[in-house]
Amino acid sequence: MAIIQLPENLKFGVATASYQIEGAASKDGRGLSIWDTFSKTPGKVVNGDNGDIACDSYHRYKEDVQLIKELGSDIYRFSVSWSRILPNGVGEINQKGLDYYHRLVDELLEQGIEPMCTLYHWDLPQALQDKGGWASRDTIDAFTNYAEIMFKEFAGKINKWITVNEPWCASFLSNYIGEHAPGNKDLQLAVDVAHHLLVAHGKTVKLFRELGVAGEIGYAPNTTWKEAFSNRSEDIAACQREVGFLIDWFFEPVFKGNYPNYLVDWYGQKGVKLKLAEGDMELINQEIDFLGINYYTGNLARYKKGSGLFDCEDIDMGENRTDIGWPIYPDGFYKVLTYIHEKYGDTPIYITENGACYNDDVENGKVNDTGRIDYLKSHLAALQRSIDSGVPIEGYLCWSLLDNFEWAEGYTMRFGLVHIDYRTLERTKKESYYWYQKLIENRWYEL
Ligand code: BGC
């Protein structure tokens, strides 16, 4: 049995996102987002679930902040519903929307918890989607306008900002694979959207500096790892293409000011073009203060002609899987972190999401989610390996505080440290909550 000792100064916390927990979808002047529309389109979300009520955190935020506090969290990462602030995406500001986030942030600060605010966790105002959404460059300006409102409004209260959460999901998963809102299946569109999200990110960072906002700004791309099944060069190249698709496409522009050439060529062979306007790459290539990394899963893979977009097929090695079906692959966490560090340098890193789906229910007042505890143990050990390897990790935020609306899976998949009874909205701390609480207090655990 090994003891894993984590650094005393590592910051811990939990993360959530607006549409997944807030509910109150038509309350206090909130406008519709693409997730309201998508979730109400038959066949898009399991059981036809939607975020109208979700965890009702909009009304129960005090109780939720109490849960965060008792956990011993240093940081709470949440996201803002753009259409609560600007019901039409641009134009008139909805004061009641701002008021809600003031109540939440004030409560966090009062309890000694640092807010980390994500501006975009996928809930684009529907009014902007109606005008082309992220395929239109106007959405970039709409986003910076919204960001400016938020920066000015919360100056001095929020010191950690994230522009965009998981741009890969908001582009490829949503516009090529079509599983998330707005549900398109068009590779060219996905490449355009990905580019516009990156430009929006860069423009917002530039604006942040120009406005002289105090605090730090970063973004939170998602990652995964593909380990080559063999050392054959075609297996290695196939895995590199997949890792490039998920990671480098969203890192090289930000850190180096260009897209990976081999992927530009690959897309070119499929008739897909990168459409750059003058100055775009300089805009994207802004220095950020921290990098948010989201990691859940990885796997072995190998070359197979015609498999997926990149001639790469996943190999099932019989790994254990979480209840959502994702292989548990902590080595991938270590590999991703060391890969990013070697390739993109010393920008401080916050793990902005890591966690597991287990659907255990309440039995005799308890939720015995040992699977989640084991997942956290193995991933925190991989994190410690990365820290020992010199990766500048500043903090670790578990996804998620609460079970919540898991996008296309609706309420069927649970990622929370706290169980939600969706009929009564009662919150029950799971065994993993108590385990994480102890870890935060002690900074060590037995593997
Ligand atoms: C997202 C979360 C989501 C989680 C689990 C991440 O991709 O940022 O919103 O709930 O993964 O699927």
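See the structure printed just above.
Everything numeric in this text was worked out from a predicted model, so none of it was measured.

Draft legend 1. Structural view of the overall build of the protein. Secondary structure summary: the protein contains 15 helices and 14 strands in total. In terms of overall dimensions, the protein is globule-like: its C-alpha atoms have a radius of gyration of 21 Å, near the 22 Å expected for 447 residues. Dimensions of the protein, computed from the C-alpha atoms along their principal axes, are close to 60 × 55 × 45 Å. Looking at the protein as a whole, 62% of its 447 residues are labelled buried. For the protein, the accessible surface area stands at approximately 16700 Å², while carbon and sulfur atoms represent 46% of it. Across the protein, 45 positive and 66 negative side-chain charges occur, with their mean positions spaced 2 Å apart.

Draft legend 2. Representation of the site of the ligand in the model. Every residue close to the ligand is listed here: Gln20, His121, Trp122, Asn165, Glu166, Tyr296, Trp326, Glu353, Trp399, Glu406, Trp407 and Phe415. A distance of 3.2 Å separates an oxygen atom of the ligand from a polar atom in the side chain of Trp399. Interatomic distance of 2.5 Å between a side-chain N/O atom of Glu406 and an oxygen atom of the ligand. Out of a free accessible area of 310 Å², the ligand has 94% covered by protein chains. Here the residues of the shell around the ligand sort into six nonpolar, three polar and three charged.

Draft legend 3. How the structure looks around the side chain of Glu107. With respect to the element layout, Glu107 can be found in helix α5 (residues 95-110). Among buried charged residues, Glu107 stands out as having no salt bridge; its nearest opposite-charge side chain is Lys62, 4.2 Å away.

Draft legend 4. Molecular detail of helix α10 (residues 233-256). In a regular helix each residue adds 1.5 Å, so 24 residues correspond to 34 Å; α10 covers only 26 Å between its end C-alpha atoms and thus falls short of that length. The sharpest bend along α10 comes to roughly 55°, located at Asp248. Taking burial as the measure, the 24 residues of α10 include 18 buried ones, the bulk of the element. Taken from the residues just after α10, Gly257 is the one with a positive phi, measuring 80°.

Draft legend 5. Region of the structure containing the packing of α10 against helix α11 (residues 261-269). One way to put it is that α10 packs onto α11 with a least axis distance of 10 Å and a crossing angle of 105°. When the interaxial angle is binned, α10 and α11 end up roughly perpendicular. Facing α10, whose interface residues are Gln240, Arg241, Gly244, Phe245, Asp248 and Trp249, α11 presents Tyr262, Leu263, Val264, Trp266 and Tyr267. Considered class by class, the residues forming the contact of α10 with α11 number seven nonpolar, two polar and two charged.

Draft legend 6. Up close: the nonpolar core. By size, the foremost hydrophobic cluster in this structure holds 147 residues, and its most contacted members are Trp161, Phe172 and Tyr436. Element by element, the count of residues in this core is highest for helix α9 (residues 187-211), at 13 residues. Excluding its chain neighbours within four sequence positions, the residues that come into contact with Phe172 are Ile177, Gly178, Leu187, Ala190, Val191, Ala194, Phe245, Trp249, Phe250 and Tyr267. Grouped together as the second largest cluster of nonpolar side chains are seven residues, Ile162, Phe290, Tyr350 and Leu397 included.

Draft legend 7. View of the packing of helix α3 (residues 57-71) against α5. The geometry of α3 relative to α5 is characterised by a closest axis approach of 9 Å and an angle of 15° between their N-to-C directions. When the interaxial angle is binned, α3 and α5 end up roughly parallel. For the crossing formed where α3 meets α5, the hand is right-handed. Packed against α3, whose contacting residues are Ser57, Tyr58, Tyr61, Lys62, Val65 and Ile68, the element α5 presents Lys96, Tyr100, Arg103, Leu104, Glu107 and Leu108 at the interface.

Draft legend 8. Just helix α13 (residues 330-344), in detail. Taking 1.5 Å of rise per residue, 15 residues should cover 21 Å, and α13 covers 21 Å from first to last C-alpha, within 8% of that figure. Where α13 is concerned, the buried positions are Gly332, Phe333, Tyr334, Val336, Leu337, Thr338, Tyr339, Ile340, His341 and Tyr344. Lining the buried residues of α13 we find β7 (222-228), α10, β8 (290-303), β10 (349-353), α14 (370-388) and β11 (393-399). Of the residues flanking the end of α13, it is Gly345, one or two places downstream, whose phi is positive at about 90°.

Draft legend 9. How the structure looks around the pattern of salt bridges. Inspection of every chain in the model, using the stated rule, returns 30 salt bridges. Note that Arg30 is salt-bridged to Asp36, the shortest N-O span being 3.0 Å. A residue is classified by how much of its surface remains accessible, and Arg30, at 10% relative accessible area, is buried. Residue Asp36 is classed as buried on the basis of its relative accessible area, which comes to 2%. Across the pair Glu313 and Lys304 runs a salt bridge whose closest N-O atoms are separated by 3.9 Å. According to the relative accessible area criterion, Lys304 is partly exposed, its value standing at 43%. By sharing partners, the salt bridges in this structure join Glu114, Lys160 and Glu216 into a single network.

Draft legend 10. Expanded view of the packing of aromatic side chains. Counted by the stated rule, this structure contains 48 aromatic pairs. Seen in terms of ring centroids, Tyr61 and Tyr100 are 6.0 Å apart; in terms of plane orientation they differ by 85°. Their pairing is edge-to-face. Residue Tyr61 is found in helix α3, and its partner Tyr100 is found in helix α5; the two are separated by 39 residues along the sequence. Accessibility classification places Tyr61 together with Tyr100 in one group, the buried group. A ring pair is formed by Phe405 and Tyr411, whose centres lie 5.5 Å apart and whose planes are at 65°; its orientation type is edge-to-face. For Phe405, a relative accessible area of 0% gives the class buried. On the accessibility criterion, Tyr411 (16% relative accessible area) is buried. Among the aromatic side chains, those forming a connected cluster through ring pairs are Trp168, Phe172, Phe245, Trp249, Phe250, Tyr259, Trp266, Tyr267 and Phe310. Positioned above the aromatic ring of Tyr100, the side-chain terminus of Arg84 is 6.0 Å from the ring centre.

Scoring rules and cut-offs
- Residues numbered from 1 in each chain as written.
- Predicted model: local features only at pLDDT ≥ 70, side-chain atom pairs only at ≥ 80, totals over all residues.
- Heavy atoms only, no water.
- Helix = DSSP H or I, 4+ residues; strand = E, 2+ residues; numbered from the N terminus.
- Rg over C-alpha atoms; globule rule 2.2 N^0.38 Å.
- Buried < 20%, exposed > 50% of the residue type's maximum accessible area, 1.4 Å probe, protein only.
- Areas by Shrake-Rupley, 256 points an atom, 1.4 Å probe, with all protein chains shown as cover.
- Lys, Arg positive; Asp, Glu negative; His and termini not counted.
- Charge placed at Lys NZ, Arg CZ, Asp CG, Glu CD.
- Near = heavy atom within 4 Å.
- Polar contact = N/O pair within 3.5 Å; in protein donor to acceptor, adjacent residues only side chain to side chain.
- Nonpolar A, V, L, I, M, F, W, Y, C, P; charged D, E, K, R; others polar.
- Salt bridge = Lys/Arg side-chain N within 4 Å of Asp/Glu carboxyl O.
- Expected span 1.5 Å × (residues − 1).
- Bend = angle between axes of the 7 residues up to and from the residue.
- Axes fitted to C-alpha atoms, helices over the stretch in contact; angles between N-to-C directions.
- Parallel < 35°, antiparallel > 145°, perpendicular 65-115°, else oblique.
- Contact = heavy atoms within 4.5 Å.
- Core = buried A, V, L, I, M, F, W, Y, C linked by side-chain atoms within 4.5 Å.
- Left-handed = near helix turned anticlockwise from the far one by under 90°.
- Phe/Tyr/Trp six-rings, centres within 6.5 Å; stacked < 30°, edge-to-face > 60°.
- Lys NZ or Arg CZ within 6 Å of the ring centre and 35° of its normal.

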